[in-house]
There are 2 protein chains.
Amino acid sequence: MTYRPQLTEASVDLTREVEVMDERGRVSLIAIPAERPLTVYVDKRELVTLMTLGGAPEALTLGYLRNQRFIRQIEDIVSVQVDWDVEAVAVVTRNGIDDIEARTAKRVVTTGCGQGSVFGGLMDDVAAISLSPDARMTQSTLYRIIDTIRTQQSIYKQAGSVHGCALFSSTGELLYFVEDVGRHNAVDAIAGRMWLDGMRGDDKIFYTTGRLTSEMVIKGGQMGIPFLLSRSGTTQMGHMVAEQLGMALVARCTGKHFLLLAGKERVVFEPHLLDGVLKVA
Amino acid sequence: MTYRPQLTEASVDLTREVEVMDERGRVSLIAIPAERPLTVYVDKRELVTLMTLGGAPEALTLGYLRNQRFIRQIEDIVSVQVDWDVEAVAVVTRNGIDDIEARTAKRVVTTGCGQGSVFGGLMDDVAAISLSPDARMTQSTLYRIIDTIRTQQSIYKQAGSVHGCALFSSTGELLYFVEDVGRHNAVDAIAGRMWLDGMRGDDKIFYTTGRLTSEMVIKGGQMGIPFLLSRSGTTQMGHMVAEQLGMALVARCTGKHFLLLAGKERVVFEPHLLDGVLKVA
């Protein structure tokens, strides 16, 4: 059976009601998403502060450590203990983080939001990634996924201003759904859950509400996932990396509409699904 | 007259055409925004790699150095020279960056997108920020701004997948408009232009297409701007910091609709503007 570190199951309010005034001066209460710092301590050493919604702090911490390549295998993690009273998570490892000095020094040259946070270190890894060449997704599976997301209960529907990520099976069954204030936190939390469950990405389908930028495509590739879907668009570098990886990049997924930008051979078209569907502009 | 460092005016393609296939298998060309690394060298030392659209690299570099508090005054900068052939910008300073070792070491604990990139260092500064107590914005100015953004030529309209930021005068005159793949780059580029032009923020109005998260509110505060507008929403921490700063936080700005979340006393309501306007849900 799969190894699992000791984990807390810390929970905290994900939305807060605030008073707002509209254009007519009418006062009402609306829900907004929580956003709070979570400072990660690894073997009692402060590593990073993540700004998070707080919905999946243990998985977020694990996925962050994995995607930043701090810890190579889940077996090296003894425990992950979140304490919201002090807005911190304590991670205990078996052997610590290899040459953490050098690693963190390296990360100094690549920080920020759309400011290359994960880019520097990870672009080197892209060459080493190989995605399952045979993985295919049918158009009906794609539509099942779009519809599942559309009807999914979410913080976004209650409060807006969060990004959602989801992992689906090759037949479009929802496996994980995570929301966070930052799209990178949401993808890291999915990576953490996959790691915990020993789930491979090689026949899975990843959906994000966020844009398909270089960082998202690289993270999807790191997780070994050959399909990356978004309701939003992509960028030149996201497109370039997806082509390099042979990843199916599917943007603008809404209703029956989508735009396939890379890995075209991975999508199995089923034209009959569109019989009677009005042409989408 | 205002001091200006020597600057290049490097220009580069901001969009690229790529072939896409839609749900009916129809192939067409669409424009997507460029996304490219820009590695910042300060006095020949590599500091950071920014992933950027490339529309305002000199201003982005200046604003990054300012908002990250690496350089305190524009007079300390001799030159900013962008060379897209090597995807780099060379900054020459008069006196270097104070205790850069310690500064960059500190930033290691706060990285990433919605992962607290600017938060760690900057939350300390919030207490020191004081916004002009008397600054007011009329409802008609707010509507002028919303309409100006609606009609603005933009990469977003051509290619999607970018964030836009704009700075407006107290009467709603557009001063700067910058787009980038990351909303933090766009706000940094605006900060860079303000710095170059010696423009104070204390009666200005800042608009962003992005969400009003803690990092955006803190950056607006750093720039001394008492009004922060968005077509999007906010988060609990963004709301909290805005209340702490006494900043007017206006979300969901579309058409005649908006939601005022903080700094309510700064907005002058003009109910007559809504005569004959259908009630917005």
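Rules and cut-offs
- Residues numbered from 1 in each chain as written.
- Chains lettered and ligands numbered in written order.
- Predicted model: local features only at pLDDT ≥ 70, side-chain atom pairs only at ≥ 80, totals over all residues.
- Heavy atoms only, no water.
- Helix = DSSP H or I, 4+ residues; strand = E, 2+ residues; numbered from the N terminus.
- Rg over C-alpha atoms; globule rule 2.2 N^0.38 Å.
- Buried < 20%, exposed > 50% of the residue type's maximum accessible area, 1.4 Å probe, protein only.
- Contact = heavy atoms within 4.5 Å.
- Areas by Shrake-Rupley, 256 points an atom, 1.4 Å probe, with all protein chains shown as cover.
- Lys, Arg positive; Asp, Glu negative; His and termini not counted.
- Charge placed at Lys NZ, Arg CZ, Asp CG, Glu CD.
- Salt bridge = Lys/Arg side-chain N within 4 Å of Asp/Glu carboxyl O.
- Axes fitted to C-alpha atoms, helices over the stretch in contact; angles between N-to-C directions.
- Parallel < 35°, antiparallel > 145°, perpendicular 65-115°, else oblique.
- Pairing = 2+ DSSP bridges.
- pLDDT = per-residue confidence, 0-100.
- Phe/Tyr/Trp six-rings, centres within 6.5 Å; stacked < 30°, edge-to-face > 60°.
- Disulfide = S-S within 2.5 Å.

J.: Explain the overall build of chain A to me, please; I cannot follow it from the model alone.
T.: A count of helical and extended segments in chain A gives eight helices and 15 strands. Against the compact-globule benchmark of 19 Å for 281 residues, chain A has a radius of gyration of 20 Å, which places it among compact chains. Seen through its principal axes, chain A has C-alpha atoms that stretch 60 × 55 × 40 Å. Relative to its full complement of 281 residues, chain A shows a buried share of 60%. Of the contacts formed within chain A by residues at least 6 apart in sequence, a portion of 55% connects residues at least 24 apart. Summing over all exposed atoms, chain A offers an accessible surface of approximately 10,900 Å²; the carbon and sulfur share of this is 48%. Between the mean site of the 30 positive side-chain charges and the mean site of the 34 negative ones, chain A shows a separation of 5 Å.

J.: Whenever I open this one, the pattern of salt bridges confuses me. Can you help?
T.: Pairing between side chains becomes possible if they bear opposite charge and their charged atoms approach one another. All names here are of chain A. With the rule as written, the count across this model stands at 14 salt bridges over all chains. A salt bridge links D197 to R4; the shortest N-O distance between them is 3.3 Å. With a gap of 193 residues between them, D197 in the loop between α6 (183–196) and β11 (205–208) and R4 in the segment before β1 (6–7) connect regions that are remote in the sequence. Relative accessible area serves as the criterion here: at 36%, D197 is assigned to the partly exposed category. R4 gets classed as partly exposed once you look at its relative accessible area, which sits at 44%. The shortest N-O distance in the salt bridge between E23 and R26 comes to 4.0 Å. Judged by its relative accessible area of 29%, R26 is partly exposed. One salt-bridge network, in which partners are shared between bridges, spans D22, E23 and R26.

J.: So what exactly am I meant to see when it comes to the packing of helix α6 (residues 183–196) of chain B against helix α7 (residues 214–222) of chain B here?
T.: Describing two packed helices takes the angle between their axes plus the distance from one axis to the other. Residues and elements named next belong to chain B. Two elements in contact, α6 and α7, have axes whose closest approach is 11 Å; the angle formed by their N-to-C orientations is 5 degrees. Relative to α7, α6 is oriented roughly parallel. Contacts between α6 and α7 involve R183, H184, V187 and D188 from the former and E215, M216 and K219 from the latter.

J.: Where do I start with the sheet that holds strand β11 (residues 205–208) of chain B in this structure?
T.: Within a sheet, each strand pairs with its neighbour through backbone hydrogen bonds, oriented either parallel or antiparallel. With respect to topology, eight strands assemble into an open sheet ordered β3(A)-β2(A)-β14(B)-β13(B)-β12(B)-β11(B)-β9(B)-β10(B), the strand pairing being mixed. Both edges of this open sheet fall to β3 (27–33) of chain A together with β10 (174–180) of chain B, since each of them pairs with a single strand only. On average, each strand axis in the sheet is tilted by 25 degrees relative to the strand beside it, whichever way the strands run.

J.: What should I look at first to understand the confidence of the model for chain A in this one?
T.: Reading predicted coordinates in detail is not appropriate for stretches of low pLDDT. Residue and element names in this part refer to chain A. When pLDDT is averaged across chain A, the result is 89; 90% of the residues are at 70 or more. Low pLDDT (under 50) marks residues 106–120, which in the prediction has 61 contacts with non-local residues, meaning those over four places away or in another chain. The complex model carries a pTM of 0.90, and its ipTM stands at 0.87.

J.: Honestly, the sheet that holds strand β1 (residues 6–7) of chain B in this entry has me stumped. Any pointers?
T.: Residues and elements named next belong to chain B. Spatially, five strands are ordered β1-β6-β7-β4-β5 in an open sheet, and the strand pairing comes out mixed. The sheet terminates laterally at β1 and β5 (45–52), the two strands that pair on one side only. As judged from the two bridges shared by β1 and strand β6 (residues 77–83), these two strands associate in the parallel manner. Within β6, the residue paired with Q6 across the bridge is S79. Against the sheet, helix α1 (residues 57–67) makes contact with β1, β4 (36–42), β5, β6 and β7 (88–93), and its axis sits at roughly 135 degrees relative to β6, the strand it touches most.

J.: Any chance you could explain the packing of aromatic side chains here in plain terms?
T.: For any pair of aromatic rings, geometry is given as the distance between the ring centres together with the angle between the planes. Residues and elements named next belong to chain A. For the coordinates displayed, the defined rule picks out six aromatic pairs over all chains. When the centroid spacing of 6.0 Å and the interplanar angle of 35 degrees are considered together, the rings of F258 and F269 count as tilted. In this pair, F258 sits in strand β14 (residues 257–262) while F269 sits in the segment after β15 (267–268), placing the two residues eleven residues apart along the sequence. According to the relative accessible area criterion, F258 is buried, its value standing at 0%. Note on F269: relative accessible area 24%, which makes it partly exposed.

J.: For this particular structure, what's the right way to read the environment of V250 of chain B?
T.: All names here are of chain B. For V250, the location among the structural elements is in strand β13 (residues 248–254). Given a relative accessible area of 0%, V250 falls into the buried group. Placed 191 residues apart in sequence, V250 and A59 show a C-alpha to C-alpha distance of 26 Å. Setting aside its immediate chain neighbours within four residues, V250 contacts M137, L142, L212, L228, L229, S230, F258, L259 and L260.

J.: What should I look at first to understand the state of the cysteines in this one?
T.: The bond known as a disulfide is covalent and runs between the sulfur atoms of two cysteines. Residues and elements named next belong to chain B. In the structure shown here, the tally under the stated rule is zero disulfides over all chains. Sulfur of C253: no disulfide; nearest cysteine sulfur belongs to C165 and is 13 Å away. Judged by relative accessible area, which is 3%, C253 ranks as buried.

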